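Below, each chain spelled out in residue letters.
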Number of protein chains: 2
Amino acid sequence: MSSTPPLRVVIAPDSFKGSISAAQATAAIAAGLRRVWVDADLRLVPLADGGEGTLDAVLSAGGKRSSARVSGADHVPIDAAYGLVAADTAVIEIAQVVGLTREDVAAHAVEHRSTKGVGELMRRLLDAGIRRMMVGLGGSSTNDGGAGLLVGLGLKLVAADGRTVEPTPAGLAALTAVDTSGLDPRLAQSHITIMSDVNNMLCGEQGATAIFGPQKGVRQYALREIDARLARFAALVEAALGRSAKDRPGAGAAGGLGFALLLLGGELRSGAEVVADLLGLDAALEGANWLITGEGRSDAQTLLGKTPLVAARRAALKGVPATLVSGAVDRDALPELNRHFAGCHSITFGPATLEASMADAAALLADRAEQLARVFRAAR
Amino acid sequence: MSSTPPLRVVIAPDSFKGSISAAQATAAIAAGLRRVWVDADLRLVPLADGGEGTLDAVLSAGGKRSSARVSGADHVPIDAAYGLVAADTAVIEIAQVVGLTREDVAAHAVEHRSTKGVGELMRRLLDAGIRRMMVGLGGSSTNDGGAGLLVGLGLKLVAADGRTVEPTPAGLAALTAVDTSGLDPRLAQSHITIMSDVNNMLCGEQGATAIFGPQKGVRQYALREIDARLARFAALVEAALGRSAKDRPGAGAAGGLGFALLLLGGELRSGAEVVADLLGLDAALEGANWLITGEGRSDAQTLLGKTPLVAARRAALKGVPATLVSGAVDRDALPELNRHFAGCHSITFGPATLEASMADAAALLADRAEQLARVFRAAR
């Protein structure tokens, strides 16, 4: 005698930014569904977009969390977390080193912040035999064109008088030459995946400084000058290596870290896609009856490849309906969202303030997931 | 070759008080579902609880709207709407005559308001051959113990000096005797259904005056005196007719209209149940796949037999899952609501003010119904 197999639901939300992590959101949805289906086969796949929360999301499926003492954005040593997901594969979230929300970042102005610590971290990983690195950009406090990262990996920046130049927007003012001879040779045998959804080039009107500089503290009057410094730095290092990257999409990600990593041969991919791969979302979707995803706020931006859209697309390929449950859903985006989601819902149960919704997000999400599961069950 | 029969959905919400009527709510839900299921068999059954909106809801299924010129609560003639739903059956919504939201009501204090117009309306219906009356209580501005209604039907109120007494809380101060000889004899051949969810008795600490008087404008210092006047009136008329009603549940409904109608042999029933019967909800549920109901706000009160609960119970008897979509849902009531509803949802799509939600209720409701239909469809 055979019995009906238990319902299989994949739970794969992003974090609800400023409120709950992807792991917390996943747990909340699972708790809600469990109240309806005691025996359901729930597959928990907390997602991320390559920015803050990526490391936590990736490690939720396994791997080992570790940390290394490297330079923070303000040159003070910090312990930066990273993840080992296979013998030769590491996951780096650059926000763990130079994140805009790190407390140590406020000490220096953006002109004096550097990504050197990210390069130092990569060198430590190379020392440990790591040859595959997934680097999540996003949430950076820096705008050094990736000069710091390259210096951390052995590049020398030289001024007209022969002095070494600091890999910061301020330091690059004196840059006249670069020496690439010390760049770590093991990089040539390494594979770097750049996780980013930013398609800006390094310089110009749509470049890193012009677009993302102001939110990191670059003053309006300094934008043009700093952009010019990054352009000169990039031209020098491109010439020295005989490669180019500054005009490629993504070079402007994370204040130019994208440029440095592209120059090292890195492959630019959507952070959400890489995380979905790392966590085995496709395998989880095999034979599933339903996917629930979500994020803090869903709107037209969601349609540009944000995590819930990536999840929904993969679900569609497996014939699995995907329902969205977010903190808020912009109704103007519903006509487009409807093409990807089998229902777009909010965690709110009535009129409420943003503050109250965010403070109670986990409980609201659990309750909403439960109520949607009741509708889903009723239809079967 | 046979094809799958179209999905059959019964749409049976109450009004969203202060925002949209039951008919508007029904239309909004239908519009949302139609975006998902072009060919669905949608059965529209706008409900009501016997209070304001009852007449509109009942007439949405057929019948004829008419009106009669009768005394308003403030004695000025008004045109009061009523409905004819069969050759000998009328539906009266007392709020159409003495409703608290009528503009003419503000002219007099509650002590001078009377339900005489309701009695006049019933007499006109008797003249027209009507012998079955469904009277929706709720939303009254009056607290006259139903004295006005009985006077409108032929009762005489007499003072010690023989003068006729006004059927108002103020007038009843002088009451010493009643003359029932003029009461319309045709009432004996009539069947009156009282639609009310109020179970209070006429007088006492849980009586009409104590509980509902203040919200109609009875001053705190006058509560006891007016309660005593209603008690004396009731005792006199009960003695004269040799019947009793003042201590029965529902006698305190609509400022004592319940008492007067019970005394005339009226049968007290839940307004929602009567409306559901009149509109043929049970027949609509035959073979249905889903019921959607809703109201302005769902909370512990909903569980005391409000319209959506009545709809859900009837759906359950037919094996049809019922989903609730309201302006707001009190999460504290969810454990109990879950016993009756396959999903309790709000029309909000994120943090929002009550004012914005109410102003945009129809569009929000249509969108939410659509999004829930997408989940329902995905599960099938």
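Residues numbered from 1 in each chain as written. Chains lettered and ligands numbered in written order. Predicted model: local features only at pLDDT ≥ 70, side-chain atom pairs only at ≥ 80, totals over all residues. Heavy atoms only, no water.

**Student:** Looking at this model, I keep getting lost on the sheet that holds strand β1 (residues 8-11) of chain B. Mind explaining?
**Tutor:** Strand pairing in a sheet relies on backbone hydrogen bonds, with the paired strands running either antiparallel or parallel. All names here are of chain B. The five strands lie next to each other as β2-β1-β11-β13-β15, forming an open sheet whose pairing is parallel. Every interior strand has two partners, whereas the edge strands, β2 (41-44) and β15 (344-346), have only one. Averaged over all neighbouring strand pairs, the angle between strand axes comes to 20°, with direction disregarded. Sheet analysis places β1 next to β2, joined by four bridges and oriented parallel. (Pairing = 2+ DSSP bridges. Helix = DSSP H or I, 4+ residues; strand = E, 2+ residues; numbered from the N terminus. Axes fitted to C-alpha atoms, helices over the stretch in contact; angles between N-to-C directions.)

**Student:** Help me understand unusual backbone geometry, please; the structure alone is not making it clear to me.
**Tutor:** Both trends apply: most residues other than glycine have a negative phi, and most peptide bonds are in trans. Residue and element names in this part refer to chain B. Unusually for a residue other than glycine, histidine 75 sits at a positive phi of about 75°. Despite not being glycine, alanine 254 has its phi angle at roughly 50°, a positive value. Relative to the elements of secondary structure, alanine 254 occurs in the loop between α7 (223-241) and α8 (257-263). Given the relative accessible area of 11%, alanine 254 is considered buried. (Buried < 20%, exposed > 50% of the residue type's maximum accessible area, 1.4 Å probe, protein only.)

**Student:** Got a minute to help me understand the side chain of Arg368(A) in this structure?
**Tutor:** Among the secondary structure elements, Arg368(A) is positioned in helix α14 (residues 361-379). Although Arg368(A) is buried, it makes no salt bridge; Asp367(A) carries the closest opposite charge, 8.5 Å away. (Lys, Arg positive; Asp, Glu negative; His and termini not counted. Salt bridge = Lys/Arg side-chain N within 4 Å of Asp/Glu carboxyl O.)

**Student:** How should α14(A) be read in this particular structure?
**Tutor:** In an α-helix, one turn spans 3.6 residues, which is why side chains three or four residues apart end up on the same side. An ideal rise of 1.5 Å per residue puts 27 Å on 19 residues; α14(A) measures up with 27 Å between its terminal C-alpha atoms. Taking burial as the measure, the 19 residues of α14(A) include 16 buried ones, the bulk of the element. (Expected span 1.5 Å × (residues − 1).)

**Student:** Help me understand the interface of chain B and chain A in this model?
**Tutor:** Size of an interface, as often reported, equals the accessible area lost when the parts are brought together. In this assembly, 37 residues from chain B lie in contact with 37 residues from chain A. Note on chain B versus chain A: buried area summed over both sides is about 2,900 Å², and carbon and sulfur give 57% of it. Among the residues chain B hides against chain A, the three largest losses belong to Arg331(B), Phe349(B) and Val375(B). Together they make up 22% of the total. Where chain B meets chain A, there are four salt bridges. Measuring nitrogen to oxygen at the nearest pair gives 3.0 Å for the salt bridge that ties Asp360(B) to Arg331(A). (Contact = heavy atoms within 4.5 Å. Buried area = accessible area lost by both parts, 1.4 Å probe.)

**Student:** What is the right way to look at the relation of the copies chain B and chain A in this model?
**Tutor:** Put simply, the two copies of the chain differ by a rotation about an axis and a shift along that axis. If you rotate chain B by 180° and push it 0.1 Å along the axis, it lands on chain A with an RMSD of 0.1 Å. As the rotation angle and translation indicate, the two copies are arranged about a two-fold axis. An overlap of 100% is found between the interface residues of chain B and their copies at the interface of chain A, pointing to a shared contact surface. (Least-squares fit on C-alpha atoms with pLDDT ≥ 70 in both.)

**Student:** Explain the packing of aromatic side chains here, please?
**Tutor:** Any pair of aromatic rings gets described here by the distance separating the centres and the angle formed by the planes. Residue and element names in this part refer to chain A. Here the structure, examined in full by the defined rule, presents eight aromatic pairs over all chains. When the centroid spacing of 6.0 Å and the interplanar angle of 90° are considered together, the rings of tryptophan 37 and phenylalanine 376 count as edge-to-face. Within this pair, whereas tryptophan 37 is found in the loop between α1 (22-36) and β2 (41-44), its partner phenylalanine 376 is found in helix α14, the two being separated by 339 residues in sequence. Each of the two residues, tryptophan 37 as well as phenylalanine 376, counts as buried. (Phe/Tyr/Trp six-rings, centres within 6.5 Å; stacked < 30°, edge-to-face > 60°.)

**Student:** Help me understand the packing of α14(A) against helix α14 (residues 361-379) of chain B in this model?
**Tutor:** For any two helices packed against each other, one specifies the inter-axial angle together with the distance between the axes. The N-to-C vectors of α14(A) and α14(B) enclose an angle of 45°; their axes lie 7 Å apart at closest approach. Our classification of the angle between α14(A) and α14(B) gives oblique. The two elements α14(A) and α14(B) meet at a crossing, and its hand is right-handed. When α14(A) is examined against α14(B), the residues Leu372(A), Val375(A), Phe376(A), Ala378(A) and Ala379(A) are found in contact with a partner set consisting of Leu372(B), Val375(B), Phe376(B), Ala378(B) and Ala379(B). Grouping the constituent residues of the contact of α14(A) with α14(B) by class yields 10 nonpolar, no polar and no charged. (Parallel < 35°, antiparallel > 145°, perpendicular 65-115°, else oblique. Left-handed = near helix turned anticlockwise from the far one by under 90°. Nonpolar A, V, L, I, M, F, W, Y, C, P; charged D, E, K, R; others polar.)

**Student:** Honestly, the pairing of strand β5 (residues 89-93) of chain B in this entry has me stumped. Any pointers?
**Tutor:** Residues and elements named next belong to chain B. For β5, the buried fraction is high: five of the five residues fall into the buried class. Side chains of β5 alternate between two faces, with Thr89, Val91 and Glu93 and Ala90 and Ile92 buried alike. Here strand β4 (residues 77-86) pairs with β5 via three bridges, running antiparallel. Residue alanine 86 lies in a different strand from β5, and its bridge partner there is threonine 89. Linkage of β4 to β5, two consecutive antiparallel strands, is achieved through a turn of two residues. For β5 and strand β6 (residues 132-136), the ladder comprises five bridges, and the chain directions are parallel. Within β6, the position partnered with glutamate 93 by the bridge is glycine 136.

**Student:** How should the nonpolar core be read in this particular structure?
**Tutor:** The nonpolar side chains of a soluble globular protein tend to be buried with one another. Within the largest apolar cluster, 136 residues are counted, with the highest numbers of intra-cluster contacts made by Leu33(A), Trp37(A), Leu33(B) and Trp37(B). With 11 residues, α14(A) is the largest single contributor of residues to this core. Among all residues touching Leu33(B), those that are not within four sequence positions of it are Val9(B), Ile11(B), Leu42(B), Ile292(B), Ala369(B) and Ala373(B). In this structure, Leu121(B), Leu157(B), Val165(B) and Ala253(B) belong to the second largest nonpolar core, which totals 59 residues. (Core = buried A, V, L, I, M, F, W, Y, C linked by side-chain atoms within 4.5 Å.)

**Student:** Explain the domain arrangement of chain A to me, please; I cannot follow it from the model alone.
**Tutor:** When cut into domains, chain A gives domain 1 (8-47 + 280-379) and domain 2 (54-271). Domain 1 of chain A and domain 2 of chain A are separated by 33 Å when their C-alpha centres are compared. (Domains from an automatic or database assignment.)

**Student:** Which parts of the structure should I look at to understand the pattern of salt bridges?
**Tutor:** Applying the stated criterion across every chain, the model contains 48 salt bridges over all chains. Between Asp277(A) and Arg269(A) there is a salt bridge whose closest N-O contact spans 2.8 Å. Judged by relative accessible area, which is 37%, Asp277(A) ranks as partly exposed. A residue is classified by how much of its surface remains accessible, and Arg269(A), at 26% relative accessible area, is partly exposed. A salt bridge links Arg297(B) to Asp299(B), with the nearest nitrogen and oxygen atoms 3.3 Å apart. You can call Asp299(B) buried: its relative accessible area is 16%. Through salt bridges with shared partners, a single network forms among Arg35(A), Asp360(A), Asp367(A), Glu370(A), Arg374(A) and Arg331(B).

**Student:** Is there a simple way to explain helix α7 (residues 223-241) of chain A in this structure?
**Tutor:** Residue and element names in this part refer to chain A. Taking 1.5 Å per residue, 19 residues should reach 27 Å; α7 reaches 27 Å between its end C-alpha atoms and fits that length. What α7 keeps buried is the set Leu223, Ile226, Asp227, Arg229, Leu230, Phe233, Ala234, Val237 and Glu238. Looking straight down α7, one finds its buried side chains confined to an arc of 160°; they lie on one side. Turned more than 90 degrees from where α7 packs its buried face, Arg224 and Ala239 sit exposed. Buried residues along α7 sit against α5 (147-152), β7 (156-159), β8 (175-179), α6 (208-216) and α8 (257-263). (Arc of directions from axis to C-beta.)

**Student:** Help me understand the side chain of Thr142(B) in this model?
**Tutor:** All names here are of chain B. Locating threonine 142 in the fold gives a position in the loop between β6 and α5 (147-152). Judged by its relative accessible area of 0%, threonine 142 is buried. When neighbours within four sequence positions are excluded, threonine 142 is seen to be in contact with Ala73, Val98, Arg113, Ser114, Thr115, Lys216, Ala254 and Gly255.

**Student:** Can you walk me through the sheet that holds β2(A) in this structure?
**Tutor:** Residue and element names in this part refer to chain A. Taken in spatial order, the five strands line up as β2-β1-β11-β13-β15 in an open sheet, and their pairing is parallel. At either end of the open sheet lies a strand with only one pairing partner, and these are β2 and β15 (344-346). Along the sheet, successive strands turn relative to each other by an average axial angle of 20°, direction set aside. Pairing of strand β11 (residues 290-293) with strand β13 (residues 322-326), which is carried by three bridges, proceeds in the parallel orientation. Looking across to β13, one finds that threonine 293 is bridged to leucine 324.

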